[in-house]
Amino acid sequence: MTNLIKQLFDSFKGSSNPISFKMRLSFAFLLLLAMQVSANNVFSQNEIQLDMKNTSLKLVLDEIKEQTGYSFFYNVNEVQDQMNLSIVAKKETLEQVLKKISAKLPIDYTINEKQVVLTPKVVMKPTNMAIQQVLKGTVTDIAGVPLPGANILVKGTTVGAQTNFDGEFTIDVPEGSTILVVSYIGFKSTEVDVTGKSEVTIQLQEDAGQLDAVVVVGSRGKPRTAMDSPVPVDNLSTADLALTGRGVLDQQLMFKVPSYNSTQQPISDAAAHFSPADLRGLLPSRTLVLVNGKRKNASALVYSYVTPGRGEVGVDMKSVPTAALERVEVLRDGAAAQYGSDAIAGVINLVLKKKSDPFINTSFSTTTEGDGEQYQLEAGFGMDITEKGYANFTFNYFDQKRSQRAGTVSSVQDEADYWGVTDTSDFNTTDLEGFLDRNPSAGFQVGLPDMKITNFSYNMGYTLDEESQTEIYSFGTLTNRSGSAPQFARVPYWVSGFEQIYPGQEFFLAEMSPQIVDNTFSLGLKTVYNEWNFDLSSTMGKNRIDYYITNSFNQSYGASSPSDFYNGAHQFSHVVNNLDVVRTFEDAGINALTVAFGAEHRTERFVTEAGEVASYADGTPDDPTDRTGSESFGGFKPENASDDYRSNLGIYADVTADLTESFLIGGALRFEDYSDFGTQVSWKLSSRYKLLDNKLSIRGSLSSGFRAPSLHQLFYTAVTTTLTENGIQQNGILNNSDPALRALGIPELDAETAFNIGLGATYRINKHMGITIDAYQIDVDNRIVLSGQVTPTGDPSNPIDQTLSSVNVGAAGFFLNAINTRTQGIDIVFTYDNIKLGRGVLGGSVAANFNKTEVSELNFPDFIDQNDLGDALFSREDISRVETWRPRQKIVATVNYALERFSTNLSFLNYGKVTYRHPSDPINDATYGGKTLTDLSFSYEFTDKLNFTIGANNLFNIYPDTFADAYSSTGGVPSDRNLDFVGRFKYPWQTTQFGIDGTRIFSRLTFNF
């Protein structure tokens, strides 16, 4: 068999066909699984033989495990495994042996599948105690999974009970007693008032550290811990996220998850109000976001500016308030076969709270420069809906002020040369010198935008029938966001005539001031029939952006030009209907078999609405020299308006087999049928095997994936102003269905396809420490990109010139399936928690991501190659945006220490270098070095209800390298002055690792009722 495997893998080396390679690799993976199945039969069911005298309980349990394969689960603080006993067993069953142990020692037991749960023996009520009521109940975790072996004690008495295999119990409550104390290993103990109740369902919240945090994403079967999952998953609580000191979810994840990037971009149109976010360097479109396991709608924005994520579409990660979340699960593995399109890089599942005590949190932060103030107010509460339901509500208000980190114009001569200002110009060099003395940055503002976010969210459910566990549930989020982001300041030698509406001003600063709405609403019904779990739901989501340009000017209108413009709107919405059916078979001849299948029907709509006439019109059509439309961002014209739909149907099957307690294999298959581009089939295989007394787990996955072109990429059109190597240009983006593109030989968009390989290991060093290491390779073919700008040739008969003339822009771009990429990387996470140090408790983690993306192939239509337009469509700069504009290294190390009412948190965040490549001239390439940031905070609990935190982000005031640093070999400035806009940009605006705020001091006050 060993020789067979060797021959198989040797055959890979000679294969140049990628399809053949993938088929062979898939076969090899299946072969290894088959070998593992044959080598690991179900544990022997032989009867137990023991003859042990004065031996510790731990050694006895180890011997039983060796003979039966059953594992033991207990809390060493409750069950002392160093207790000695003598025991003899001659071909006896496990049940008989456990009874003998329980008779000798003060412990009880519950057999759960191939696991035995040991708990302290509870003393039942004395016979002379009067009985007030007989109470029946069920104990589950927050997901509704029964907890066998949970302890129930009537407070103030010695009366107790224990839950059975199904989490059920019956207890006689003595007269005068009304409070039950319920506890279970790894969960928070809770007190329950049972006054007047005959039945009760009790949900316990997890109290384990990160090692044993339970996750649901990545598996439709039983929830698993992050250490036992067959694929890598991060599990972050809201407390983890709050420790970052940041106020919005995308920035909290940026500073907590190494493989997640989300950098705030200044002066980037509406993208300044969003933050392009991605996993594993694959840019925003390839990460699927769920809320409570249901697909979250994408935003209406296409990142069209020259920043990371250009041409991409993502979810508005500022639309869900962190205070509403119980946790965030980040699945770092391809999951298109399980969840559908977009899940090439992974899945982020935002799990809302089911119930919380009333709370009010308030926080404030400011930079040490005295700007960029952020104020936040969070409030929420949970409640019971009679005895059968729950509801949780959260309100969030976030207010951010702008910051200023602009550079200064490098010299009067540089500015004059750039704009062609001479002594004979209307605005001469003397005027220019005086202007720059008064305005060293030429009116520019670079930094955070003004922003206000108002969020409301709810999560509720109600049990209609307890016997069938029928529950109706609903959740939703409503978000309104407004703000204002400065764009390029217009100076008189760039745009003349503005003094007619801005008298006495030396420049005007146009601002992008959008109104953004994002709403999600989900309604569903769960039930159980013949042990099959059914979940039927419908989810509606919408994101709308109304574009306003304020403090702007339409030169063609002169004195009659408005200063504020409505430029139109984009809106994306979807309706997603899901049916999910799941059952776990415990008697299938193996440890467990989980079968899941279901269907998803989704309709999507993308709308473009025209702006007001003055935002796009030419007020003086007879003058070909003036500029038309609102400066900075022209309005959408009536011919740009569209209302486009599509639908798709997905059908999936997902099977997970726990062949033994140690060995798991899983597979998923999904079929998708899109109304606009056709069908796709994706698959996934995964496995996990435990070794070394279950401390070491080896895991791996193979999967295919796909991403349908978004409606935005199919129908988006816009005109915007940006810097290119050819100077400042009005750039157009053409609708993918535009006949002009067919004339240029540009085909209609097709789906991206992907192939993922993952291999990793987890090692539980002890109950407080563990490490996970996961390597991955992701190949994406036919990747959709937004092209560079195609410019005129100067020949009016050339199809290129005719196309640009027809859309009235100086240059145009479009979407096309242009590149194949390969991403390789490794994630390492070391976690430690609940370690006693002195009188306090120590916890934290060290997590790192190392990755590399390379463009392996360019796929251009024949017309592009024949006309030598390849560099224009996807230049060196575009390639570097994919390959090197995100850091290839990111390390996050945290340590927190709690001592009675005091705690402190220290974090180190290391970001690797990023590299910019110039579109045509390598002398203008630049590398911006890696940096390490330090965060430090201190918290104090004045009472059990009141906590105060103060801290600093970026304690040592670290900034990215400047243009002067990057171009020190060429005099501190690039030779292409479009890159730094003659010094207006001090820090790189195309790509940056972590923002340009510097040190931020923050405080936070939390109050629980």
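If you're wondering where the values come from, they're calculated on a predicted model, not measured in any experiment. Counting of residues starts from 1 at the beginning of each chain's written sequence and follows it residue by residue. Given that this is a predicted model, residues contribute local features only at a pLDDT of at least 70 and side-chain atom pairs are listed and counted only at 80 or more, while totals for whole chains, interfaces and linings are drawn from all residues. Side-chain measures here rest on the full set of heavy atoms in the structure, leaving out hydrogens and waters.

Draft legend 1. Examining the environment of E369 more closely. Relative to the helices and strands, E369 resides in the loop between β22 (359-367) and β23 (374-385). Taking the C-alpha atoms as reference, E369 lies 8.9 Å from Q404; in sequence the two are 35 residues apart. Residue contacts follow a heavy-atom distance rule, with two residues in contact if any of their heavy atoms lie within 4.5 Å. Setting aside its immediate chain neighbours within four residues, E369 contacts R405 and Y959. Numbering goes from the N terminus for both helices and strands, where a helix is a DSSP run of H or I of at least four residues and a strand is a run of E of at least two.

Draft legend 2. Highlighting the sheet that holds strand β18 (residues 287-291). Strands are treated as partners if at least two bridges between them are detected by DSSP. Strand order in the open sheet formed by five strands is β15-β20-β21-β18-β19, and the pairing between neighbours is mixed. Only two strands of the sheet have a single partner each, and these edge strands are β15 (233-237) and β19 (294-295). As paired elements, strand β20 (residues 325-331) and strand β21 (residues 346-352) share six bridges and run antiparallel to each other. Directly across from V328, in β21, lies its bridge partner L350.

Draft legend 3. Structural view of the pattern of salt bridges. For salt bridges, the criterion is a side-chain nitrogen of Lys or Arg within 4 Å of an Asp or Glu carboxyl oxygen. One pass over the structure, following the stated rule, counts 55 salt bridges. Across the pair R295 and D342 runs a salt bridge, and its minimum N-O distance is 3.1 Å. Residue R295 is found in strand β19, and its partner D342 is found in the loop between α7 (336-339) and β21; the two are separated by 47 residues along the sequence. Classification of D342 as buried rests on a relative accessible area of 19%. Across the pair D961 and K931 runs a salt bridge whose closest N-O atoms are separated by 2.7 Å. Placement of D961 in the loop between β48 (946-953) and α16 (963-966) and of K931 in strand β47 (residues 931-941) is noted, with a sequence separation of 30 residues between them. Using a relative accessible area of 13% as the deciding quantity, one classes D961 as buried. Because the salt bridges share partners, they merge into one network encompassing R295, D342, E600, R602, E604, R646, R670, E672 and D676. Burial status follows relative accessibility: with a 1.4 Å probe on protein chains alone, a residue under 20% of its type maximum counts as buried, one over 50% as exposed, and anything between as partly exposed.

Draft legend 4. Spotlight on helix α9 (residues 429-438). Those residues of α9 that sit buried are L432, G434, F435 and L436. Close packing links the buried residues of α9 with α8 (412-419). Between a side-chain oxygen at the N-terminus of α9 and the backbone nitrogen of T430 the separation is 3.0 Å; the capping residue is N428. Definition of a polar contact: a pair of N or O atoms within 3.5 Å, with one able to donate and the other able to accept a hydrogen when the atoms are protein atoms, and with sequence-neighbouring residues admitted only if both atoms are side-chain atoms.

Draft legend 5. Broad picture of the packing of aromatic side chains. Aromatic pairing here means that ring centres of Phe, Tyr or Trp (its six-membered ring) are within 6.5 Å. Orientation follows from the plane angle: under 30 degrees is stacked, over 60 is edge-to-face, and everything else is tilted. Tallied over the full model, the rule gives 40 aromatic pairs. Judged by centre distance (5.3 Å) and plane angle (40 degrees), the ring pair of F444 and F488 falls under tilted. One end of the pair, F444, is in the loop between α9 and β25 (450-465); the other, F488, is in strand β26 (residues 470-490), and 44 residues separate them in sequence. The exposure classification of F444 matches that of F488, with both residues buried. Consider the rings of W885 and Y916, whose centres lie 5.9 Å apart with planes at 35 degrees: the pair is tilted.

Draft legend 6. Fine view of the packing of α8 against α9. Under this scheme, a helix contributes an axis fitted over its contacting stretch, all axes are lines through C-alpha atoms, and angles between N-to-C directions fall in the 0 to 180 degree range. Where α8 contacts α9, the axes come no closer than 10 Å and their chain directions differ by 125 degrees. What the angle tells us is that α8 and α9 run oblique. Here the hand of the crossing between α8 and α9 comes out right-handed. Along its contact with α8, which presents V412, E415 and A416, the element α9 presents T429, L432, E433 and L436. Side-chain classes follow a simple rule in which Ala, Val, Leu, Ile, Met, Phe, Trp, Tyr, Cys and Pro form the nonpolar group, Asp, Glu, Lys and Arg form the charged group, and the remainder, Gly included, forms the polar group. Among the residues forming the contact of α8 with α9, the class breakdown is four nonpolar, one polar and two charged. Oblique is the label for every angle not falling under 35 degrees (roughly parallel), over 145 degrees (roughly antiparallel), or within 65 to 115 degrees (roughly perpendicular). The handedness criterion is simple: a crossing whose near helix is rotated anticlockwise from the far helix by less than a right angle is left-handed, and one whose near helix is rotated clockwise is right-handed.

Draft legend 7. Representation of the environment of L873. Tracing the backbone shows L873 in helix α14 (residues 870-873). Considered as a pair, L873 and F815 are 58 residues apart in the sequence and their alpha carbons are 9.9 Å apart. Beyond its immediate sequence surroundings of up to four residues, L873 is in contact with S787, G788, V790, F814, L816, F860, I864 and D878.

Draft legend 8. Here's a closer look at the nonpolar core. Side-chain atoms within 4.5 Å link the members of a nonpolar core, which is a set of buried Ala, Val, Leu, Ile, Met, Phe, Trp, Tyr and Cys residues. Grouped together as the largest cluster of nonpolar side chains are 43 residues, with contacts concentrated most on F444, F488, Y493, Y928, Y967, F981 and F985. Going through the elements one at a time, α8, α9, β26, β27 (508-512), β45 (914-916), β46 (926-928) and α16 are the ones with two or more residues in this core. Grouped together as the second largest cluster of nonpolar side chains are 37 residues, L236, V257, L279 and V892 included.

Draft legend 9. Region of the structure containing a negative patch on the surface. Surface patches are defined over residues having more than 30% relative accessible area and no salt bridge, joining like charges when they lie within 9 Å and nonpolar side chains (Val, Leu, Ile, Met, Phe, Trp, Tyr) when within 5 Å. Reported accessibility uses the Shrake-Rupley method at a 1.4 Å probe radius. Residues are deemed covered only where the shown protein chains occlude them. Only four residue types enter the charge count, namely Lys and Arg as positive and Asp and Glu as negative; His and the chain termini do not. To locate a charge, take NZ of a lysine, CZ of an arginine, CG of an aspartate or CD of a glutamate. A surface patch of like charges, here negative, comprises E199, E387, D465, E466 and E467. With respect to the secondary-structure elements, E387 resides in the loop between β23 and β24 (389-400). Overall, the relative accessible area of 57% leaves E387 in the exposed class.

Draft legend 10. Examining the environment of F863 more closely. You can see F863 is positioned in helix α13 (residues 862-866). F863 gets classed as buried once you look at its relative accessible area, which sits at 17%. Taking C-alpha positions, F863 is 9.3 Å from A743, a pair spaced 120 residues apart along the chain. Leave out the neighbours within four places in its chain, and F863 touches L744, G745, P799, I800 and L869.

Draft legend 11. How the structure looks around a nonpolar patch on the surface. The grouping of F902, F938, Y940, F942, F948, I950, I1001 and L1005 at the surface amounts to a nonpolar patch, some 680 Å² of accessible area in total. For the nonpolar patch, the secondary-structure elements that each account for two or more residues are β47, β48 and β49 (1000-1008). Within the secondary structure, F948 is located in strand β48. On the basis of relative accessible area, F948 is assigned to the partly exposed category, the value being 32%.

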